Amino acid sequence: MTTIQELTTPMRRETDLQKIAGRLEDLANSRFDIVADQSALSIDEDLSQVNISTGEATITETGVSDSEFNAEFTRTAWRQIAERLRIPVPYLDRLATDEDNRELASTSINWLATNDSRRALYRFLRDESGDLVLRSILSDRFQAFDNDLAIQALIEGLGTHDLGLGDCEVSGDVTPDRLRLRIHVPQIELLVPDLLGDYKMPFSMRDSNGIHDRPDAGETPPVLFAGVEIGNSETGHGTFFVSPRAVVGVCRNGLTRPIEFKRAHIGGTLAEGQIDWSSETRQNLYSLVASQVGDVMKQYLSVGYLETLADEMRAAKGVDIDSPAAAIEIVTDKFGLSETESRNVFDCFARGGDATVLGIGNAVTAAAQLVDDGDRQSEMESNFWNIVQAPEMFASAT
């Protein structure tokens, strides 16, 4: 089976927003969408390509023929084919990995698709070699708010507060399925020596750690910076969202709140045929979202919001940990940490020098910076608030 796991080299922890914007612009220039019946889809017997026949007559050099798109496909598209046709993904994967069973997989897909009267949005792009790739199959009510617009909304939202990209520190993840940007503004800070005065940067003692190319903790004041996290998916992997995010100045631990603003990709039913996302349609949607992002940033990018967060953290700072090993075992079980993640949390807690529940929370967010997956990093960072808001759960662990 030919599937393309990654259309481009993913960006992980990219700090140059211009590079991120350039990657997104490249993807925007190579993508196009069509709406057609689900029955328009078929797949080759060897599972090497999907074929979408729109049934629209076109004139070619050899005469008149149906318009057909023959494309390789991503893992996301493969999974979405299975989900739309209600075929268990593990079952299809099992058939696809056995050459003798691939024809059974293609027969199952083609028969079920032929008898499906729904319409679908097929999202294509051309890869770096010029080959056509089906990257996603979605509902014909999917409303595209693509990543290039998300970047523009971010920039405009900052502008409403007289902030520019040069005022921010950015860490971004870009994959074919998801955009995630972590942003904070160092000039919006709150000095909290009572919370972070004894906290040490756990990475300063690690050799060859390239995550923190900045002064050691002794040269960094105990501050919180204001920030936000923005995420989006063009392929059905989640809504556009903005979450509040404070950052610990000592080591750039991210303290991300659960999502506060999100916008689902749901609109009116799309017309059949190739879609021309008109500039007017895009502009109307963009203007609405950019305005909402500006309102969200007005609330979160403020010293007042940092003061609210600091007040919540103080309760955890006042509770000592009796048994670090037992407390981290609870964290491991409660949040489903892997063995490596759990070990990193213990290591960061020991090096951080804060033997309180707040120290456990900071250890989790520090360990989050060591994982390879951006989504997992965000999951671990959001657990910070689950820890500091229930200090008694971890303090008395034995």
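Right, let's walk through the structure included here.

Thresholds applied
Residues numbered from 1 in each chain as written. Predicted model: local features only at pLDDT ≥ 70, side-chain atom pairs only at ≥ 80, totals over all residues. Heavy atoms only, no water. Helix = DSSP H or I, 4+ residues; strand = E, 2+ residues; numbered from the N terminus. Buried < 20%, exposed > 50% of the residue type's maximum accessible area, 1.4 Å probe, protein only. Contact = heavy atoms within 4.5 Å. Core = buried A, V, L, I, M, F, W, Y, C linked by side-chain atoms within 4.5 Å. Salt bridge = Lys/Arg side-chain N within 4 Å of Asp/Glu carboxyl O. Expected span 1.5 Å × (residues − 1). Axes fitted to C-alpha atoms, helices over the stretch in contact; angles between N-to-C directions. Parallel < 35°, antiparallel > 145°, perpendicular 65-115°, else oblique. Nonpolar A, V, L, I, M, F, W, Y, C, P; charged D, E, K, R; others polar. Pairing = 2+ DSSP bridges. Polar contact = N/O pair within 3.5 Å; in protein donor to acceptor, adjacent residues only side chain to side chain. Disulfide = S-S within 2.5 Å. Phe/Tyr/Trp six-rings, centres within 6.5 Å; stacked < 30°, edge-to-face > 60°.

1. Overview of the overall build of the chain
Of the regular secondary structure elements, the chain holds 13 helices and 15 strands. When the 398 residues of the chain are sorted by exposure, 54% land in the buried category. Put simply, of all contacts in the chain between residues at least 6 apart along the chain, 70% involve residues at least 24 apart.

2. Description of the nonpolar core
I20, L181, L224 and L301 are the most contacted members of the largest nonpolar core, which has 78 residues in total. Discounting residues that sit within four places of it in the chain, I20 has contacts with M11, E14, I151, G172, V174, L179 and L181. If you look at the next biggest cluster of nonpolar residues, it comprises 31 residues, including I34, I52, I81 and L132.

3. Digging into unusual backbone geometry
Even without glycine at this site, R13 takes up a positive phi of about 60 degrees. Of note, R13 is situated in strand β2 (residues 11–14). Classification of R13 as partly exposed rests on a relative accessible area of 26%.

4. Brief notes about the pattern of salt bridges
With the rule as written, the count across this model stands at 27 salt bridges. Here E234 ties to R135 by a salt bridge, and the two come within 2.8 Å at their closest N and O atoms. Of the two residues, E234 sits in the loop between β11 (223–232) and β12 (240–248) while R135 sits in strand β8 (residues 132–139), which places them 99 residues apart along the sequence. Each member of the pair, E234 together with R135, is buried. Across the salt bridge formed by D375 and R180, the nearest N and O atoms sit 2.7 Å from each other. Of this pair, D375 sits in helix α12 (residues 374–388) while R180 sits in strand β10 (residues 179–191), and the two are 195 residues apart along the sequence.

5. Here we look at helix α4 (residues 102–114)
Between its first and last C-alpha atoms α4 spans 18 Å; for 13 residues at 1.5 Å apiece the expected length is 18 Å, and the two agree. Each element contacted by the buried residues of α4 is listed here: β4 (41–43), α2 (75–84) and α3 (89–96).

6. Comments concerning the packing of helix α8 (residues 303–317) against α12
Put simply, α8 and α12 touch, their axes get as near as 9 Å, and they point 60 degrees apart. The angle between α8 and α12 falls in the class oblique. Residues L309, E312, M313 and A316 of α8 touch α12, and the partners they reach there are F384, W385 and V388. Classifying every residue of the contact of α8 with α12 by side-chain character gives 6 nonpolar, no polar and 1 charged.

7. Comments concerning the pairing of strand β7 (residues 119–126)
For β7, the tally of buried residues reaches 6 of 8 residues, placing the bulk of the element in the interior. Direction of pairing for strand β3 (residues 31–37) relative to β7: antiparallel, over a ladder of 7 bridges. Counted as the bridge partner of D33 is R123 from β7. Of the strand pairs in this sheet, β7 and β8 are connected by 7 bridges, and their pairing is antiparallel.

8. Some details on the packing of helix α1 (residues 17–30) against helix α5 (residues 147–159)
In helix packing, the relevant descriptors are the interaxial angle and the interaxial distance, both defined with respect to the helix axes. Between α1 and α5, whose axes approach to 8 Å, the crossing angle comes to 145 degrees. Contact residues: α1 offers L17, I20, L24 and A28, while α5 offers N147, D148, I151 and L154. Broken down by class, the residue content of the contact of α1 with α5 amounts to 6 nonpolar, 1 polar and 1 charged.

9. Points about the environment of R94
Within the secondary structure, R94 sits in helix α3. Between the alpha carbons of R94 and A105 there is a distance of 9.1 Å; along the sequence they are 11 residues apart.

10. Details of the environment of T74
Along the chain, the position of T74 falls in strand β6 (residues 63–74). The class for T74 is buried, based on a relative accessible area of 7%. With 103 residues separating them in the primary sequence, T74 and D177 have C-alpha atoms 9.9 Å apart. One polar contact links the side chain of T74 to the main-chain amide nitrogen of A77, over a distance of 3.1 Å.

11. Considering α2
Counted residue by residue, α2 has 7 buried out of 10 residues, so it is predominantly covered. Within the span of α2, buried status applies to T76, A77, W78, Q80, I81, A82 and R84. Once α2 ends, the next one or two residues include R86, with phi positive near 60 degrees.

12. Some thoughts on the state of the cysteines
Tallied over the full model, the rule gives 0 disulfides. Unpaired in this structure, C251 has its nearest cysteine sulfur neighbour in C348, at a distance of 8.2 Å.

13. Considering the packing of aromatic side chains
If you walk through the whole model with that rule in mind, you get 7 aromatic pairs. Aromatic side chains F32 and F69 sit 5.8 Å apart centroid to centroid with 45 degrees between the ring planes, which places their arrangement in the tilted category. Here the residue F32 occupies a position in strand β3, and F69 occupies one in strand β6, the gap between them amounting to 37 residues. In this pair, the class of F32 matches that of F69, namely buried. Ring plane angle 70 degrees and centroid distance 5.1 Å describe the contact between F145 and F240, whose orientation is recorded as edge-to-face. You can see F145 sitting in the loop between β8 and α5 and its partner F240 sitting in strand β12, a full 95 residues away along the chain.

14. A short note on the environment of S106
Counting through the fold element by element, S106 comes out in helix α4. Along the sequence, S106 and L92 sit 14 residues apart, while their C-alpha atoms lie 9.2 Å from each other. The residues contacting S106, other than those within four sequence positions of it, are I43, D44, E45 and L47.

Structural measurements only, silent on function.
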